[in-house]
Amino acid sequence: MKITTTRFGVISVKKDKIIYMPSGMLGFPEKKRFVLFGHRENSPFLWYQSVDDPSLAFVVTSPFLFVPNYDVEVDEAAKSMSWDDADENDLELYVIANIPKGEPDKITANLIGPLLINIRKRQAVQMVIASSPYSHKYSLAVRQ
Amino acid sequence: MLVITRKPGERITIGDDIVVTVIEVKGSLVRLGVDAPRSISIHRQEIFERIQKQNLEASGIDVSDLNMAVAILNKIQ
């Protein structure tokens, strides 16, 4: 199917690649369908583009690239989605990046609201990490 | 808003399948237990709102800003 986006024009997506979020992203409960595709070569980021809203797209990345020992409990989230038979290979974890307009050096990632995707079921949920040492504005552009 | 006074150990029910129990009251802290179907998400409001606000800000990133951020990151690493 073809989807219209403000950033990438009209893109073609296989229907079975669409990821369904029953509750949407926090703040966007009505936008339930997304597609995930790489940003470009040598980039750790991916675009998480809404199928339902051309202008809505998030930048996501693997938290483990920036915080190698990143550790959150996914069992509750998996349960809330009724992914009872999900094993580790089915689940992918991403964090949402943010860049203030015109200030790319101030890129951060939100480590307390990760995105958990069940690749086999093509479903996803945004988690809310209540008790953790992690920041919602973790700076990515600093020498670790 | 409905206001109900409860003692530790007492409960309120919401609808058919949500039960909130006052577990403990200690000074200004109240511990609550919530039993609800697992499809209902329950969050501390301030954390929920922080993530919501972060999502709103992160939903309008320009492609050019991301390209530049990647160039900066590749230089650092």
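To be clear, the structure that these remarks concern was listed above.
Scoring rules and cut-offs
- Residues numbered from 1 in each chain as written.
- Chains lettered and ligands numbered in written order.
- Predicted model: local features only at pLDDT ≥ 70, side-chain atom pairs only at ≥ 80, totals over all residues.
- Helix = DSSP H or I, 4+ residues; strand = E, 2+ residues; numbered from the N terminus.
- Contact = placed C-beta atoms within 7 Å.
- Buried ≥ 20, exposed ≤ 12 C-beta atoms within 10 Å, placed from the backbone.
- Nonpolar A, V, L, I, M, F, W, Y, C, P; charged D, E, K, R; others polar.
- Pairing = 2+ DSSP bridges.

## Topic: the overall build of chain A
- Per the secondary structure count, chain A includes one helix and ten strands.
- From first element to last, N terminus to C terminus, chain A shows the α and β order β-β-β-β-β-β-α-β-β-β-β.
- Considering only contacts within chain A whose residues lie at least 6 apart along the sequence, 45% involve residues at least 24 apart.

## Some remarks on the overall build of chain B
- Tallying secondary structure elements over chain B gives two helices and three strands in all.
- Going residue by residue from the N terminus, the α and β elements of chain B occur as β-β-β-α-α.
- Overall size of chain B, expressed as C-alpha extent along the three principal axes, is 60 × 30 × 25 Å.
- The 77 residues of chain B split such that 12% are buried.
- Of the contacts made within chain B by residues no fewer than 6 positions apart, 0% connect residues no fewer than 24 positions apart.

## Topic: the interface of chain B and chain A
- Between chain B and chain A, the contact holds 28 residues from the first and 33 residues from the second.
- Of all the secondary structure elements, the ones that give two or more residues to the side of chain B that touches chain A are helix H1 (45-58) and helix H2 (63-76) of chain B.
- Counted by class, the side of chain B that touches chain A contains 14 nonpolar, eight polar and six charged residues.

## Concerning the pairing of strand E6 (residues 57-61) of chain A
Residues and elements named next belong to chain A.
- Along E6, five of the five residues are buried, which leaves the element largely enclosed by surrounding structure.
- Inspection of the sheet shows strand E5 (residues 45-50) paired to E6 by five bridges, in the antiparallel sense. Looking across to E6, one finds that Tyr48 is bridged to Phe58.
- Connecting E5 to the next strand, E6, in antiparallel fashion are six residues.
- Where E6 lies against strand E7 (residues 91-98), three bridges are found, and the strand directions are antiparallel. Of the residues in E7, the one forming a bridge with Val60 is Ile96.

## A few points about the pairing of strand E1 (residues 2-5) of chain A
All names here are of chain A.
- Relative to strand E2 (residues 9-12), E1 runs antiparallel, the two sharing four bridges. Within E2, the position partnered with Thr4 by the bridge is Val10.
- Between the antiparallel neighbours E1 and E2 lie three residues.

Functional significance is not addressed by these values, which are geometric in nature.
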